[in-house]
Amino acid sequence: MINIDRRAFISFLGGSAAVAGMGCEARADALETYLTAAMTGAAVAGTTPAPTVAELEAQIPTRSYRRGVGNGLVNKDGGNVTLLPPLPAKPTLADFIRLRLQSNAEHCLQSARQARLKNMDEDIVFACLVHDLSLSLMRAEHGFWSAQMFEPYVSAKVTFAIRHHATLRFFPDQEHGYAYPELYRTMFGTDYVPPPHQQAEYQMVRRHRWYMAPRLVTVNDLYSFEPGVRVAVDEFDDVIGRHFRQPKQGLGFDGSPVAHIWRTAANPDSPL
Ligand SMILES: [Fe+2]
Ligand SMILES: [Fe+2]
C-alpha cells in the first residue's frame, strides 16, 4: 500500500478548486499518473510538466499491471479489490451500471445528464450514458469494446457514436465546442500523435453523415460536474427503455455474440 501525501496530490492536480471540478475518471487517471511519478522518484508537487511519449513508455516497467487493464479489474492504488455484490438472475443494463461497471458509471451518468440538460436527442443522451462503461474491463481501445458490448441491443447510430467517440477525443472541433483535453497531454505525452489507423478512422468519421453523433459524445465527455450532485441510474429508466433492447433472459444469458463480455463483467473473479 502506498501512502499518498494528500496536500501534494491536490497541488499536483492544480488545487482544490480543480479537484472539485474533476470527475471520477479524471481523478483516477490523475492518481495513476501521480503514483507513477511518485514511485519513479519524479518531482510531482505542483510543477511537474506533462511527460513526453518516451517518458511515459519508460514508466511501463515500473507498474505491476498494464495501463490498458480495466479499472474494475485491478486496484491501482496498490490495495485489494473488494467482493462484488450478487447480481439478479436476469440482470438488466441498470443492474450492471449499479453493481458491476462502476468504475466509470458516474462519469457516464454525468455525461448523459449534461446531454439531457442541453436538450440533445435522446439517442445521444443514451450514447453518453454508456460510452465508457467498458472501461471497467478494458481501457485500451475502449470505444470499440464499448460499441461491441452494446451493438446487439442498440441502433446502428448509437453503436457508431460509442465506437468512434474515443478517437474523436484526439481531434479538436472548435466549431462544435470541443477542444483537445489538457489531461491527454499528461496521459499520452506532450508530443503524442495518434497512429495512422486512428487518423484514418477520424477522416472516415469526419466525412460520415453521423459525424455529429460521436462528436456530441465528446462534447459531453467533460470531467466537470456539479460538486455534490449524484446522478441515479433511475433518472434514465425511460431513455434506457426506449434505446436499449434489454434481453428477457438477462444480459449474458441471451446467446448473443457478446454475451460472454457481459458474463465477464458479471463475474470478473472467474479464474477461466
Ligand atoms: Fe471514452
Ligand atoms: Fe468519457
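Draft legend 1. Representation of the coordination of the iron ion (ligand 2) within the structure. Looking at the iron ion (ligand 2), the protein donor atoms are His 107 (NE2), His 131 (NE2), Asp 132 (OD) and Asp 221 (OD), and they sit 2.0 to 2.2 Å from it. For the iron ion (ligand 2), the four donor atoms are set out with angles of 80 to 174° between them, so the coordination reads as irregular. Within one chain, the residues donating to the iron ion (ligand 2) are spaced in sequence as H-x23-H-D-x88-D. Here the iron ion (ligand 2) and the iron ion (ligand 1) are spaced 3.6 Å apart, linked through Asp 132, which binds each one. Taken together, the positions of His 107 in helix H6 (residues 105–117) and Asp 132 in the loop between helix H7 (122–130) and helix H8 (142–150) put the pair 25 residues apart, joining distant regions of the chain. Both residues of the pair, His 107 and Asp 132, count as buried.

Draft legend 2. Seen up close, the coordination of the iron ion (ligand 1). Taken together, Asp 132 (OD), His 142 (NE2) and His 165 (NE2) make up the protein donors of the iron ion (ligand 1), found 2.1 to 2.2 Å from the metal. Here the donor residues of the iron ion (ligand 1) share one chain and are spaced in sequence as D-x9-H-x22-H.

Draft legend 3. Representation of the packing of aromatic side chains within the structure. Under the defined criterion, the tally for this structure stands at 14 aromatic pairs. Judged by centre distance (5.0 Å) and plane angle (75°), the ring pair of Phe 96 and Trp 262 falls under edge-to-face. Here the residue Phe 96 occupies a position in helix H5 (residues 93–99), and Trp 262 occupies one in helix H14 (residues 259–266), the gap between them amounting to 166 residues. Between the aromatic rings of Phe 188 and Tyr 192, the centroid separation amounts to 5.1 Å while the plane-to-plane angle is 40°, which identifies the pairing as tilted. Connected via pairs of aromatic rings, a cluster forms that spans Phe 96, Phe 126, Phe 150, Tyr 153, Phe 244 and Trp 262. The ring of Tyr 211 carries Arg 206 above its face, with NZ or CZ at 4.2 Å from the centroid.

Draft legend 4. Local environment of the packing of H6 against H7. One can describe the packing of H6 onto H7 by two numbers: an axis separation of 7 Å at closest approach and a directional angle of 165°. When the interaxial angle is binned, H6 and H7 end up roughly antiparallel. The interaxial crossing formed by H6 with H7 has right-handed handedness. Touching Cys 108, Leu 109, Ser 111, Ala 112, Ala 115 and Arg 116 of H6 are Val 125, Cys 128, Leu 129 and Val 130, all from H7. Residues belonging to the contact of H6 with H7 are distributed by class as follows: eight nonpolar, one polar and one charged.

Draft legend 5. Looking closely at the confidence of the model for the chain. For the chain, the mean per-residue pLDDT works out to 88, and 81% of the residues sit at or above 70. In this model, residues 38–43 is a region of pLDDT below 50 whose contacts with residues beyond four sequence positions or in other chains number six contacts.

Draft legend 6. Structural view of the pattern of salt bridges. Counting across every chain of the model gives 12 salt bridges. Arg 98 serves as the salt-bridge partner of Asp 234, at 3.5 Å between the closest nitrogen and oxygen. In this pair, Asp 234 is assigned in the loop between helix H12 (212–219) and helix H13 (237–243) and Arg 98 in helix H5, connecting sequence segments 136 residues apart. Residue classification places Asp 234 among the partly exposed positions, given a relative accessible area of 47%.

Draft legend 7. Seen up close, the nonpolar core. Judged by nonpolar contacts, the single largest core of 42 residues is most densely connected at Leu 93, Phe 126, Leu 133, Phe 150, Phe 244 and Trp 262. Elements supplying a minimum of two residues to this core: H5, H6, H7, H8, helix H9 (156–168), H12, H13 and H14. Listed in part, the 10 residues of the second largest apolar core include Phe 160, Phe 170, Met 187 and Val 205.

Draft legend 8. Representation of the environment of Leu 251 within the structure. Following the sequence through the fold, Leu 251 ends up in the loop between H13 and H14. Between the C-alpha atoms of Leu 251 and Ala 266, which are 15 residues apart in sequence, the distance is 9.1 Å. For Leu 251, the residues in contact, after removing those within four places along its chain, are Pro 91, Thr 92, Leu 93, Phe 96, Tyr 153, Phe 244, Gln 246 and Trp 262.

Basis of the calculations
- Residues numbered from 1 in each chain as written.
- Chains lettered and ligands numbered in written order.
- Predicted model: local features only at pLDDT ≥ 70, side-chain atom pairs only at ≥ 80, totals over all residues.
- Heavy atoms only, no water.
- Donors = N, O, S within 2.8 Å, 3.2 Å for Na, K, Ca; no water.
- Tetrahedral: all angles 85-135°; square planar, octahedral: opposite > 155°, others 65-115°.
- Helix = DSSP H or I, 4+ residues; strand = E, 2+ residues; numbered from the N terminus.
- Buried < 20%, exposed > 50% of the residue type's maximum accessible area, 1.4 Å probe, protein only.
- Phe/Tyr/Trp six-rings, centres within 6.5 Å; stacked < 30°, edge-to-face > 60°.
- Lys NZ or Arg CZ within 6 Å of the ring centre and 35° of its normal.
- Axes fitted to C-alpha atoms, helices over the stretch in contact; angles between N-to-C directions.
- Parallel < 35°, antiparallel > 145°, perpendicular 65-115°, else oblique.
- Left-handed = near helix turned anticlockwise from the far one by under 90°.
- Contact = heavy atoms within 4.5 Å.
- Nonpolar A, V, L, I, M, F, W, Y, C, P; charged D, E, K, R; others polar.
- pLDDT = per-residue confidence, 0-100.
- Salt bridge = Lys/Arg side-chain N within 4 Å of Asp/Glu carboxyl O.
- Core = buried A, V, L, I, M, F, W, Y, C linked by side-chain atoms within 4.5 Å.

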